[in-house]
Amino acid sequence: MKLIKGERLFTPGPVEVPDRVRRVLGGQIIHHRTPEFREAFLETRELFKQLVDCKEDNFVFFASSGTGAMEASVLNFFEEGEKVIAVVGGKFGERWAELGNRWKLKVVEHRVEWGKSVDPDDLRKLLREHPDCRGILVQMSESSTGAYHDVRAIARITAETDTLLVVDAITALGVYNLKPHEWGLDVVVGGSQKAFMLPPGLSMLWFSEKAKERLRDRAYYFSVREELKKQREGQTAWTPAVSLILAFRESLSMLLELGMEEVERRYKLISDGLGKALGALGLRRFPENPSLSLTAVMPPESVPADAIRREMLGMGVRIAGGQGKLKGKIFRISHMGADPLDMVVPLSALEIALERLGWRLKHGEAVGAYLKNVSAEL
Ligand SMILES: *Cc1c(COP(=O)(O)O)cnc(C)c1O
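The following paragraphs examine the structure supplied in this document. (Residues numbered from 1 in each chain as written. Predicted model: local features only at pLDDT ≥ 70, side-chain atom pairs only at ≥ 80, totals over all residues. Heavy atoms only, no water.)

Take the overall build of the protein chain next. Scanning the protein chain from N- to C-terminus turns up 14 helices and 15 strands. In terms of C-alpha radius of gyration, the protein chain reaches 21 Å, essentially the compact-globule figure of 21 Å for 378 residues. Scored against the burial criterion, the 378 residues of the protein chain give a buried share of 57%. Intrachain contacts of the protein chain at a sequence separation of at least 6 include 71% that bridge at least 24 residues. About 16200 Å² of surface is accessible on the protein chain, with carbon and sulfur atoms providing 49% of the total. (Helix = DSSP H or I, 4+ residues; strand = E, 2+ residues; numbered from the N terminus. Rg over C-alpha atoms; globule rule 2.2 N^0.38 Å. Buried < 20%, exposed > 50% of the residue type's maximum accessible area, 1.4 Å probe, protein only. Contact = heavy atoms within 4.5 Å. Areas by Shrake-Rupley, 256 points an atom, 1.4 Å probe, with all protein chains shown as cover.)

In structure tokens, the structure reads:
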């Protein structure tokens, strides 16, 4: 059916941009070397500091997608030839390994079956075998498989060592009540087009005091040291993504108005509800321990994942497929930026898609199970 409003996005980045943010994005550009920008930038930094619940403002924003901040982590905290362990349990774990190799770190790949979460005890053992390991690179939420990695447990291991724990939290920041300082993380990276509900193009990099002592000067555009100096004064080394910064101030306010504890609780509600809904259809989630930011689903054997996606897109609902070796094997529905009731849309489309593709179900089965789980909270 032709749509009046156009397609809805339920992809793990980009996600739909809320009205409050769009109103800011629609404004005239301001020049960045002005008191007006400086004030807005410092306010944004203050809000981000609240979000990560830290006393120090050891963080910078870059005009780049999330991968830029990943690359910056590798360049600013590690030297050529230094050994790191990359947890590779999906497409984004592979990216850590590739980045490390590209910048000539000695990368020890710790392979985890896709969909499984890394066992912190395995990392403890591995770290004993590699006492010269300078860093562990991991995803908190591996968006390609939908798996959650327990970075808090890993931090308890790295805390006692010289090893830095570098966390790709690109689909975790803005979802979890993430407390990097309290948990003992060392580097945390984020991206705008995920749970911050902004267009792509802004990334964030937070780091600990322990990581600060290891700052290197290998990067030019992505120099954390240069940026930190400028950004603490309300400026940036290069032309910032002005509109995205102004919009970031708005989205951070939105998250903080709810409070991150509440934000996380709502995502948990959605995630659990979707788990129940899939169960009602006789389907299961792909990951063993699902991240709260998205739900990755194994389709029924007789129904190809990409056919489901196509059918749903025909109804105006865009979800994501599998990446890398999961291409065509799973489909992924993002929760980021969604209110609990929003998820009724992709679930309804999923039911109809499955039915059209020959999977027997009763209408409303999944939606009913979902609503049963969330309705008391709406
Ligand atoms: C989206 C994503 C990235 C990559 O971010 P880009 O903004 O596409 O560069 C990295 N890691 C995870 C876990 C992601 O979900």
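To continue, consider the side chain of Thr171. Along the polypeptide, Thr171 turns up in the loop between β8 (164-168) and α7 (180-183). For Thr171, the side chain forms a polar contact with the side chain of Ser143, separated by 2.9 Å. (Polar contact = N/O pair within 3.5 Å; in protein donor to acceptor, adjacent residues only side chain to side chain.)

Core analysis: the biggest nonpolar cluster contains 93 residues, and Phe48 and Phe196 have the highest contact counts within it. Look past the residues within four positions of Phe48 in its chain and what remains in contact with it is Phe59, Phe61, Leu173, Phe196, Met204, Phe248 and Leu252. (Core = buried A, V, L, I, M, F, W, Y, C linked by side-chain atoms within 4.5 Å.)

The contact between helix α5 (residues 120-129) and helix α6 (residues 151-158) brings their axes to 9 Å, and the two run at 25 degrees. Judged by the angle between their axes, α5 and α6 are roughly parallel. Relative to α6, α5 is oriented so that their crossing is right-handed. Where α5 approaches α6, its residues Pro120, Leu123, Arg124 and Leu127 are matched on the opposing element by Ala153, Ile154 and Ile157. In terms of residue class, the contact of α5 with α6 is built from six nonpolar, no polar and one charged. (Axes fitted to C-alpha atoms, helices over the stretch in contact; angles between N-to-C directions. Parallel < 35°, antiparallel > 145°, perpendicular 65-115°, else oblique. Left-handed = near helix turned anticlockwise from the far one by under 90°. Nonpolar A, V, L, I, M, F, W, Y, C, P; charged D, E, K, R; others polar.)

Next up on the list: the sheet that holds strand β11 (residues 284-285). The four strands lie next to each other as β11-β12-β15-β14, forming an open sheet whose pairing is antiparallel. Two strands in the sheet have a free side with no partner beyond their single neighbour: β11 and β14 (320-321). Examined bridge by bridge, strand β12 (residues 294-298) and strand β15 (residues 331-334) share four bridges and lie antiparallel to one another. Bridging across to β15, Ala296 finds its partner in Arg332. (Pairing = 2+ DSSP bridges.)

Looking now at the site of the ligand. Taken together, 13 residues sit near the ligand, with Ser65, Thr67, Ser143, Asp168 and Lys194 positioned nearest. At a separation of 2.4 Å, an oxygen atom of the ligand approaches a polar side-chain atom of Ser143. Alone, the ligand offers 380 Å² of accessible surface; in the complex the protein occludes 89% of this. Taken together, the elements giving at least two residues each to the shell around the ligand come down to α3 (66-77) and α4 (91-102). Broken down by element, the residue count for the shell around the ligand peaks at three residues, all from α3. When grouped by side-chain class, the residues that make up the shell around the ligand number three nonpolar, seven polar and three charged. (Near = heavy atom within 4 Å.)

With respect to the element layout, Thr44 can be found in helix α2 (residues 35-51). There is a polar contact of 2.6 Å between the side chain of Thr44 and the backbone oxygen of Ala40. Sequence-distant contacts of Thr44, that is, excluding residues within four places in its chain, are made with Phe61, Ile245, Phe248, Arg249 and Leu252.

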